[in-house]
Structure formats: C-alpha cells, structure tokens
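Structural characterization, general
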Amino acid sequence: MEQKKTSLLQFSNVGLTDPLGKNQLLEGVSFTLNSGDRLAIVGPSGSGKTTLLRLINRLQDPSTGSIEFESQPLTKIPVIQLRQQIVLVPQEPKLLGMTVQETLAYPLILQQIPKAEIQQRIEQWRSQLSIPDDWLERNELQLSLGQRQIVSIVRGLVMQPKLLLLDEPTSALDSDRASQLIEQLVLLTNNSPITIIMVNHQLNMVNQFTDQILRLNQGKII
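Everything in this summary refers to the structure shown in the same document. (Residues numbered from 1 in each chain as written. Predicted model: local features only at pLDDT ≥ 70, side-chain atom pairs only at ≥ 80, totals over all residues. Heavy atoms only, no water.)

What follows deals with the overall build of the chain. Looking only at helices and strands, the chain has seven helices and 10 strands in total. Considering only C-alpha atoms, the chain reaches an extent of 50 × 40 × 35 Å along its principal axes. Looking at the chain as a whole, 49% of its 222 residues are labelled buried. For the chain, the proportion of contacts with a sequence separation of at least 24, taken over those separated by at least 6, is 70%. (Helix = DSSP H or I, 4+ residues; strand = E, 2+ residues; numbered from the N terminus. Buried < 20%, exposed > 50% of the residue type's maximum accessible area, 1.4 Å probe, protein only. Contact = heavy atoms within 4.5 Å.)

Next comes the structure, spelled out in structure tokens:
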C-alpha cells in the first residue's frame, strides 16, 4: 500500500565554508524531501555530495542557511536522538573490532531494545539483504569492503530510522549484487515510511533507484 507522504527534510539556502573560512564547500543549497522519498545525489568528485550527508547527520553544521527535520531545526534536536532517526552509512564503514553479529546488535543494545526484538530485527534484515550465516562470526578483517557495506546497511536498517543516508553503497559491489541491493531499497521505501538519500556515481544504479536526482557541482545545485 502506498504510504501517505509528509514533509521530512528541508534545506533552505544552506552554505558551508571550510574551518578556516577560505573555501566554500556548499553554497545556496535548497531542497525539500518528503517521507518515503528516494533521492539520489550525483556530481563529480569534490562537488560536496558527502559533505551534504554529513550536514544532515550533524557531523558538521552549516555556516549559513537552515536545515529542518520534521519541521524542527536540526540544531534543536539532541544529537543522540537525531542519529537514531537519521542513520549515515559511510562509503568505507567500520565494524569497530566487533563480529558481524555484535555490530548488528550493538546500536539496539544501546537503545535497551529487548533481546528477542533485537534478534527478530537482525534476522529480518539480514535475510532481505542476503547476509549468510557464516558471516555472523566474522570480523572486519575477514570481510571485503563490499561485504562491510552490506553489513553496515543492515546495521542502519535494524535501527528503523526515518531517514537512511547511503554514501556510495554500491561502489565495492559487483553489478548483480549492487542491482539486488538497489531493488531491495526500492521495495523498502515502497512498503514503509523510510526515506533514503543515496550518493552514487553509478548512473545505472541511480536510474534504477529513483527519478529524483539532485546534481551538485562545486558545492551548488545545478
């Protein structure tokens, strides 16, 4: 059933300069995203794609303009609460010395979710994204980058966020595995209110993912 969409994220004339104030990393960025949307961000290397994701997750704050999440200024939301609702999966994720099973459970343990529910969520999402049993006891050194990307996406999904931020999630996957992942992400947003923003330079993956594309160049929307 199609979900009713409401306004989720709003950028209003957002700009960001580097810490020394010499270089403009983002300038005049404005857009609105609704719940359940899938947005792809594209552009050349250094255009500000990852920087934009970092602003949404408050790893950085804008120099100018404003960002609202569910009509509330992002800076007014406690960071821990914000990052339970907005989950960022970086391009080169880390498992922090844990096994796959431990890293999937860890964010839910921090939220004091009951053990039975933790296991149910893990089983649900690792099944959907095809994480086999023999991965569960592996650590970071025993996984490829592509495998760590899949694990980290599942780690994000078990948190049941309202907004999932994916930075080049298919960069280390072969074409079949990448296409399978994108297909699952599309199904996810079609059947739940989760919203996804994906940075991706692979235009075939972008076209499979969405028809909503934000193109950045030198920190500006073009």
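What follows deals with the nonpolar core. Residues Val151, Leu157, Leu164, Leu166 and Phe209 are the most contacted members of the largest nonpolar core, which totals 40 residues. A per-element tally of this core places helix 6 (residues 175-191) first, with six residues. Those residues in contact with leucine 157 that sit more than four places away from it in its chain are Trp125, Leu129, Leu164, Leu188 and Ile194. Counting residues in hydrophobic clusters, the runner-up holds 27 residues, among them Leu33, Leu53, Ile56 and Ile86. (Core = buried A, V, L, I, M, F, W, Y, C linked by side-chain atoms within 4.5 Å.)

This part is about the sheet that holds strand 1 (residues 7-17). Where strands meet in a sheet, backbone hydrogen bonds hold them as pairs that are either parallel or antiparallel. Spatial ordering of the open sheet is given by 2-1-4-5, a layout of four strands whose pairing is antiparallel. Sheet topology places strand 2 (24-34) and strand 5 (72-73) at the edges, where each strand pairs with a single neighbour. Pairing between strand 4 (residues 64-69) and strand 5: two bridges, direction antiparallel. In the strand pairing of strand 5, phenylalanine 69 is matched with glutamine 72. (Pairing = 2+ DSSP bridges.)

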